[in-house]
Amino acid sequence: MSVKKLTVLLIPSLAFMLLPSTIINPISAAPTDTAMRLMTYNVRYLNSSDPSPHTWAERLPAIVKLIQKENPDIIGTQEAVYQQIQDLDASLPEYNWVGIGREGGSSGEYTAIFYRSDRYELLEYNYFWLSDTPETVGSKNWGNVISRMATWAKFSDRKTNQSFYVINTHFDHVSAEAREKSAALVLEKIKNFDSSLPVVLTGDFNAAPGSPPYQLLTREGAFKDSWKTAAVRINENLGTLNRFKDPTGEGPKRRIDWILTKRNVLADTVKIVNDYENGQFPSDHFPVVADLRIVGR
């Protein structure tokens, strides 16, 4: 049975606007480095209330176009429901994916991880819910109205045999307590990972840089924010929450979608992808893309 089918059935065990970039001491790549392009993307969930040109049928081609243009190796998506995941899967045959609905099976929003199956071997994957009982499907008890979760996967690069982890998550949009406790839970969960391997964390954190969840996740010894460490930053005057109307993404104080790294991962370039065309935004968030390199062994 394919991984795609397993992830559904198993419960665990656009005009491109390029604004000035900032360049900080570009880094030379070594032949043994493992390079990869990561994207985090909140794909607005399918519903009947979003008017044209922001219905899912209209946005799907724009999202596929954006992804194909950016050509990421791995994508962490948030919020999309099963039909949207299936539509993306059918439109992007070069990718495989892992994920499960937040209520279990195909029910509810996903925090899916798409990856190029020709480039990466999936070694292991699982899920946990952002609650006091993280192994309980659909659990929530930190003041959030809906359940929140995280998906993680362990990959091996077929070219370099470098293994690494990716975690993808979506923190609550209402409860500050839930966001802070979710950050602490992520840090606790990665203690179970192989401590010698790099970890990349993608997500919509519904929190700004400098917020308590951000401080927890980026404190000494935890994760590094690729936006801060990248040699090149593109569109640094933007945020990531456009709400289908704001080309600025509500400005840099609303950079709520992050790509964080742990251990021997360097960020060469990171950008907010502010594609939109004729008043249509592919989603109500701008995606973030980071060119990363795993260095050494």
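Residues numbered from 1 in each chain as written. Predicted model: local features only at pLDDT ≥ 70, side-chain atom pairs only at ≥ 80, totals over all residues. Heavy atoms only, no water.

As recorded in an unreviewed UniProt entry, the protein chain goes by Endonuclease/exonuclease/phosphatase domain-containing protein and comes from Metabacillus indicus.

This part is about the overall build of the protein chain. Secondary structure summary: the protein chain contains 6 helices and 14 strands in total. Summed over all atoms, the accessible surface of the protein chain reaches about 12,000 Å², with 52% contributed by carbon and sulfur. (Helix = DSSP H or I, 4+ residues; strand = E, 2+ residues; numbered from the N terminus. Areas by Shrake-Rupley, 256 points an atom, 1.4 Å probe, with all protein chains shown as cover.)

In this section: the side chain of Arg44. Structurally, the position occupied by Arg44 is in the loop between strand S2 (34-42) and helix H2 (56-70). Beyond its immediate sequence surroundings of up to four residues, Arg44 is in contact with Ser49, Asp50, Arg59, Glu79, Gln84, Phe244, Ser283 and Asp284. (Contact = heavy atoms within 4.5 Å.)

The next subject is H2. The terminal C-alpha atoms of H2, which comprises 15 residues, lie 20 Å apart, in line with the 21 Å expected from a rise of 1.5 Å per residue. Within the span of H2, buried status applies to Trp56, Arg59, Leu60, Ala62, Ile63, Val64, Leu66, Ile67 and Glu70. Residues of H2 that are buried sit in contact with S2, strand S3 (74-78), helix H3 (82-91), strand S4 (95-98), strand S13 (265-272) and strand S14 (288-294). Phi turns positive one or two residues past the end of H2, at Asn71, with a value near 55°. (Expected span 1.5 Å × (residues − 1). Buried < 20%, exposed > 50% of the residue type's maximum accessible area, 1.4 Å probe, protein only.)

Let us now look at the environment of Leu66. As for its placement among the helices and strands, Leu66 is situated in helix H2. On the basis of relative accessible area, Leu66 is assigned to the buried category, the value being 1%. C-alpha of Leu66 to C-alpha of Val273: the two residues are 207 residues apart in sequence and 8.6 Å apart in space.

To continue, consider the pairing of S2. In terms of burial, S2 is a largely internal element, 7 of the 9 residues being buried. In this structure, S2 lies alongside S3, joined through 5 bridges in parallel fashion. Looking at the pairing, Tyr41 lines up with Thr77 of S3. Crossover S2 to S3 through H2 is right-handed. (Pairing = 2+ DSSP bridges. Right-handed = clockwise from strand over helix to strand, strands pointing away.)

Here the focus is the packing of aromatic side chains. Across all of its chains, the model carries 16 aromatic pairs by this definition. Here Tyr115 and Phe155 contribute two aromatic rings whose centre-to-centre distance is 4.9 Å and whose plane-to-plane angle is 50°, an arrangement assigned as tilted. You can see Tyr115 sitting in strand S5 (residues 113-116) and its partner Phe155 sitting in strand S7 (residues 149-157), a full 40 residues away along the chain. When the centroid spacing of 5.7 Å and the interplanar angle of 85° are considered together, the rings of Tyr120 and Phe164 count as edge-to-face. Pair noted here: Tyr120 is in strand S6 (residues 120-129) and Phe164 is in strand S8 (residues 163-170), with a separation of 44 residues, a long-range link. Just as Tyr120 is buried, Phe164 falls in that class too. Members of the aromatic cluster, connected to one another through ring pairs, are Tyr82, Trp97, Tyr110 and Phe114. (Phe/Tyr/Trp six-rings, centres within 6.5 Å; stacked < 30°, edge-to-face > 60°.)

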